[in-house]
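What follows is the residue order along each chain.
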Amino acid sequence: MGTALFSSCGQTGEKAAASDTFTYEVDRFEDISVLKYRLPGFEQLSPGEKELIYWLSEAALCGRDILWDQNFKYNFVIRRTIEAIIDSYSGDRETEEFKAFITYAKRVFFANGIHHHYSNDKFVPGFSKEYFDALVMASDVSRLPLKDGETAADLVVRLTPVLFDPQLYAKRVDQSEGADMITASANNFYEGVTQSEVENYYGSLADPSDPRPVSWGLNSKVAMVDGKVTEIPYRSGGLYGEAIDRIIANLEKARDVALSETQKMELDLLIDYYRTGDLKIWDEYNVLWAGNTDLSVDYINGYIETYGDPLGMKATWEAVVDYKDIEASKRTGVITDNAQWFEDNSPVAPEYRKEKVTGVAARVINVAMLGGDCYPASPLGINLPNSNWIRTEAGSKSVTLANITNAKDIVSRGSGFLEEFALDQPEIERAVKFGSLSDALHTDMHECIGHASGKLAPGTDPNALKNYASPLEEMRADLFALYFMMDPKMIETGLMPSDEPAKALYDNYIRNGLITQIVRIKPGKDIEQAHMRCRSAIAHWVFEKGKAENVMETVKRDDKTYIRINDYMKLRTLFGEMLREVQRIKSEGDFEAGRSMIENYGVKIDQDLHKEILARYEKLNLAPYSGFVNPVMTAVSDAQGNITDVKIEYCSDYLGQMMEYGKKYSFLPVY
Ligand code: ZN
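Bear in mind the structure is a predicted one, so any value in this text is a computation, not a measurement.

Caption draft 1: Molecular detail of the sheet that holds strand 5 (residues 228-233). Reading across from one edge, 3-4-5 is the order of the three strands in this open sheet, with mixed pairing throughout. What marks the edges here is a single partner per strand, and that holds for strand 3 (190-191) and strand 5. The sheet contact formed by strand 4 (residues 220-225) and strand 5 spans six bridges and is antiparallel. Residue pairing for strand 5: Val-222 is matched across the bridge by Glu-231. Across the sheet, helix 8 (residues 195-205) touches strand 3, strand 4 and strand 5, and the angle it forms with strand 5 is around 70°.

What follows is the structure, given as structure tokens:
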């Protein structure tokens, strides 16, 4: 559950071939790569849609301080100190120690605090206590977050153990066995209370027989006040009220330009919830939001994910604004309009084709703004709301964030990856030029018509393929897409300018299936994941069947393995033959044939090849974690002050964006 979807059909991090002229990576430090994401099709949105996105985006940025404070009670004062040093330190900025300080600052900005965003461990500064003292003392004292009567030297004394003592506040979330998870965790959801006190408190509130329970504790801090366990709610006029009021002000502007009456009602409920902190209103809001699936602009905004609380109750603040990609939706429209033609002309045996096929309209969603706990480390998809009874009664929304996923894929394919594993320069150039289009079309064809095609023979048990059903189903959809990518119909309908994108897809698919996808597998292990088994089975099957005619071959150069495709049209024919066989297996429920296809071609890895590929991959030294800078939105107004357009600029300065947000979107008092 939750927003962190790490794979979804057709959009797993394996597909993108290469980058185009847009440079995605903007910064790199320690284990982090910072990227930017594009807003495809944003220009084609209506002025009303753009204005709604603009206000929702402002609301998405206004809660940043809330998250910083939730993560750790000293985060805010530390960030202010770091910002003051970066802006005003008068000493030498070219030294190794200053560079180490900047790296530390970048890590803290990325994690929204001094604990690693993924491991939860406190960062170890790469500079000394003495240097920290020198930095603070040589910075503008008026910029430092001093308490009343405090000097810069006092601030150093106060912060030094927090930053440098490895035992103090060591983990943001500590769930080790036997520990009091509340007192051991450095997060700021609780103050002066023990785990059992908190558990008793909520145990007395929750009614286990309630079929529609609210999310107890979601939006409050729990502290000991006058000897009593007390909830301090986040709301207007309460804890975090100054930031919440700014969120509300922007949500009100968004409400005024909402795209439908229900979206307006939905935003009204959200505003009401922020005002009152009433969790019943939060549930009402979520019921409405979950049912509102047809809008071209959508968002999440609230206290949503509970991973930061060891008890899994309190949620960090986060926001995403997203919109439907009109260009991409036009493309999927052309494909679904021709769904029957594809079905009638497929290489599948006529008795297993569908007489009447309806394509599935895929919703392609792009992110326009990330905020709070979704920034800079973004989820790849959204699957909300979290409340179980709402999911059961009102449904949930599950979408993949296409532009975020694509940027990650393209970068993981770039940064030397393609140069290392592609056969030659023409193959690299084809991938660079056509990779994005070929990936998008492959995904569309897979999702819109691949899964929708074909039918079972009368009497076939739909569960006959058991544990092989899922990789075989993915193969069917992939093969349908692979076969038709090389069809003249793709050019006739304007989906492709030439057959070059199809060749780029074939290069990439075969290279990935035979070689590169195994970089994710540990030495000695088999392939387990359904999408990976699918790709391995397809690539190995067509490789073997094409051997006699030399359709493809392996090439060894400097002890490195590469693949050369000699005949793309024959490869297409092989994809067609395999599609016919996989559809037959599914239509007849031929478990034995399905099993042997997966087991013989999809599971095992050649051990020598695996060693070679892992060694080559390791040398590329790719960062394990990535996140994003946001685009910059500027509203264009007419003489009356009405917003007529919204302009997008892509930011390439990670630290600059962090410093700007610190000035523009910081609303909470330090003390
Ligand atoms: Zn699929």
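Resuming the write-up.
Caption draft 2: Structural context of helix 3 (residues 75-88). An ideal rise of 1.5 Å per residue puts 20 Å on 14 residues; helix 3 measures up with 20 Å between its terminal C-alpha atoms. Across the 14 residues of helix 3, twelve count as buried, placing the element largely inside the fold. Every buried residue of helix 3 is listed here: Asn-75, Phe-76, Val-77, Ile-78, Arg-79, Thr-81, Ile-82, Glu-83, Ala-84, Ile-85, Ile-86 and Ser-88. Tucked inside the fold, the buried residues of helix 3 contact helix 2 (64-71), helix 4 (96-111), helix 5 (129-137), helix 6 (152-164) and helix 25 (654-664).

Caption draft 3: Region of the structure containing the environment of Pro-347. Turning to its location among the elements, Pro-347 is positioned in the loop between helix 13 (339-344) and strand 8 (365-372). Assessed through its relative accessible area of 16%, Pro-347 is described here as buried. Sequence spacing of Pro-347 and Gln-517 is 170 residues, and the spatial spacing of their C-alpha atoms is 28 Å. The residues contacting Pro-347, other than those within four sequence positions of it, are Tyr-483, Gly-576, Leu-579 and Arg-580.

Caption draft 4: Quick peek at helix 12 (residues 326-337). In this model, helix 12 (twelve residues) spans 16 Å end to end at C-alpha, consistent with the 16 Å of a helix rising 1.5 Å per residue. What helix 12 keeps buried is the set Ala-328, Ser-329, Thr-332, Gly-333 and Ile-335. Angular distribution of buried residues about the axis of helix 12 spans 165°; they occupy a single face of the element. Away from its buried face, by an angle of more than 90 degrees, helix 12 presents the exposed residues Lys-330 and Asp-337. Buried residues belonging to helix 12 abut strand 7 (316-324), helix 13 and helix 17 (425-450).

About the thresholds
Residues numbered from 1 in each chain as written. Predicted model: local features only at pLDDT ≥ 70, side-chain atom pairs only at ≥ 80, totals over all residues. Heavy atoms only, no water. Pairing = 2+ DSSP bridges. Helix = DSSP H or I, 4+ residues; strand = E, 2+ residues; numbered from the N terminus. Contact = heavy atoms within 4.5 Å. Axes fitted to C-alpha atoms, helices over the stretch in contact; angles between N-to-C directions. Expected span 1.5 Å × (residues − 1). Buried < 20%, exposed > 50% of the residue type's maximum accessible area, 1.4 Å probe, protein only. Arc of directions from axis to C-beta.

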